[in-house]
Amino acid sequence: MSKKEISLTLFPYLLHPRNTVLVTTVSRDGKPNVLAVAWITPISVNPPYLGISVKPGRYSHKLLLETGEFVVNVPTFDLAKEVTICGRKSGRQIDKFKEAGLTVEKAEIVKAPIIKECVAHLECKVANRLKVGDHDFFIGQVLAAYVSEEHFKDLYDVKKHKTLLHIGKNKFTTTQDTYKEIKI
Ligand SMILES: Cc1cc2nc3c(=O)[nH]c(=O)nc-3n(C[C@H](O)[C@H](O)[C@H](O)COP(=O)(O)O)c2cc1C
């Protein structure tokens, strides 16, 4: 295997393809917004925490600070175009739900909405924010989590659930129907 040095500005793409989600937020006066987020990670199970890396300057960053709540909505591969719209346009200028044809519905606990077309939803409250380089890492306490029964039993059914994986730029891929179960 011959290996080449790459620019450090490209380092994140060595860690892609990554599960990409739609993060919904809401302003103080009740106006919702959504952005695409590929830099998301579970952090703790008990108590439940996850982290999202969001760049200052994004409208969603302002809303995360303003109301301190968000929902992680898990889209499927067939929503790649909608996710690209949410990840390339800003809610400062337009209503991205309308632009992308996504439907907002009331969440169980938080004021930020859920997106009906997504298969899973994790409602979160901002618990902390770490300023790291050119992004802020928002730590969210997960208050509620629910998922389509068709897609998830105790794990995702990869035959039914086609995960949206971001390769980089506007390119996406998904998982296969097959899996290996390793016994050791
Ligand atoms: C596939 C994809 C993944 C993205 N992941 C992130 C991310 O993890 N963090 C981030 O700050 N921006 C990310 N972005 C960029 C934001 O989604 C984008 O800047 C968006 O337009 C911000 O919208 P807003 O101004 O309405 O908040 C991503 C964009 C795309 C297309």
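One can find the structure itself at the top, above this paragraph.
As a starting point, this report considers the structure included with it. Predicted, not measured: the structure shown is a model, and the values here were computed from it.

Our focus in this paragraph is the nonpolar core. Counting 17 residues, the largest nonpolar core has Val-21, Val-23, Val-37, Leu-50, Ile-52, Phe-70 and Val-72 as its most contacted members. Contributing elements (two or more residues each) for this core: β2 (21-26), β3 (32-37), β5 (49-54), β6 (69-74), β9 (120-132) and β10 (135-147). Look past the residues within four positions of Val-72 in its chain and what remains in contact with it is Val-21, Leu-22, Val-23, Ile-40, Leu-50, Ala-120, His-121 and Leu-122. Counting residues in each nonpolar core, the second largest holds 14 residues, with Val-83, Cys-86, Ile-115 and Cys-118 among its members.

For the rest of this paragraph, the subject is the sheet that holds β3. On the basis of which strands lie adjacent, the open sheet formed by 7 strands has the order β3-β2-β6-β9-β10-β5-β4 and antiparallel pairing. Either end of the sheet is taken by a strand with one partner, and the two such strands are β3 and β4 (40-44). Between one strand axis and the next, the sheet turns through 35° on average, direction left out of account. Here helix α2 (residues 80-88) sits on the sheet in contact with β2 and β3, set at roughly 105° to β3.

This paragraph deals with the side chain of His-135. Its place among the elements puts His-135 in strand β10. At 2.9 Å, the side chain of His-135 and the side chain of Asp-134 are in polar contact. Excluding residues that lie within four positions of it along the chain, His-135 makes contacts with Trp-39, Ser-53, Val-54, Lys-55, Pro-56, Arg-58 and Leu-130.

Lining the immediate surroundings of the ligand are 23 residues, of which Ser-53, Ser-60, Lys-89, Ser-90 and Gly-91 lie closest. Between the ligand and the protein, one listed contact pairs an oxygen atom with a backbone N or O atom of Trp-39 at 3.0 Å. Between an oxygen atom of the ligand and a side-chain N or O atom of Ser-60, the distance comes to 2.6 Å. Burial of the ligand by the surrounding chains reaches 92%, relative to a free accessible area of 640 Å². Of all the secondary structure elements, the ones that give two or more residues to the shell around the ligand are β3, β5, α1 (59-67) and α2. Of the residues forming the shell around the ligand, the biggest block, 4 residues, is contributed by β3. Classifying every residue of the shell around the ligand by side-chain character gives 9 nonpolar, 9 polar and 5 charged.

All of the buried residues along α2 are Ala-80, Val-83, Thr-84, Ile-85 and Cys-86. Where α2 is buried, its residues meet β2, β3, α3 (96-100) and β12 (171-173).

What follows deals with the pattern of salt bridges. Applying the stated rule across the entire model yields 6 salt bridges. The partner of Asp-136 in a salt bridge is Lys-131, with the nearest N and O atoms 3.7 Å apart. In this structure Asp-136 comes out as buried when scored by relative accessible area, which is 1%. A salt bridge links Lys-160 to Asp-157; the shortest N-O distance between them is 3.8 Å. Lys-160 sits in the partly exposed class, given a relative accessible area of 44%. Residues joined by salt bridges that share partners form a network here, namely Arg-129, Lys-131 and Asp-136.

What follows deals with the environment of Ile-139. On the secondary structure map, Ile-139 appears in strand β10. On the accessibility criterion, Ile-139 (17% relative accessible area) is buried. Through-space distance from the C-alpha of Ile-139 to that of Arg-92 is 23 Å; in sequence the pair is 47 residues apart.

The rules behind the values
Residues numbered from 1 in each chain as written. Predicted model: local features only at pLDDT ≥ 70, side-chain atom pairs only at ≥ 80, totals over all residues. Heavy atoms only, no water. Core = buried A, V, L, I, M, F, W, Y, C linked by side-chain atoms within 4.5 Å. Buried < 20%, exposed > 50% of the residue type's maximum accessible area, 1.4 Å probe, protein only. Helix = DSSP H or I, 4+ residues; strand = E, 2+ residues; numbered from the N terminus. Contact = heavy atoms within 4.5 Å. Pairing = 2+ DSSP bridges. Axes fitted to C-alpha atoms, helices over the stretch in contact; angles between N-to-C directions. Polar contact = N/O pair within 3.5 Å; in protein donor to acceptor, adjacent residues only side chain to side chain. Near = heavy atom within 4 Å. Areas by Shrake-Rupley, 256 points an atom, 1.4 Å probe, with all protein chains shown as cover. Nonpolar A, V, L, I, M, F, W, Y, C, P; charged D, E, K, R; others polar. Salt bridge = Lys/Arg side-chain N within 4 Å of Asp/Glu carboxyl O.

Taken by themselves, the reported measurements are silent on function.
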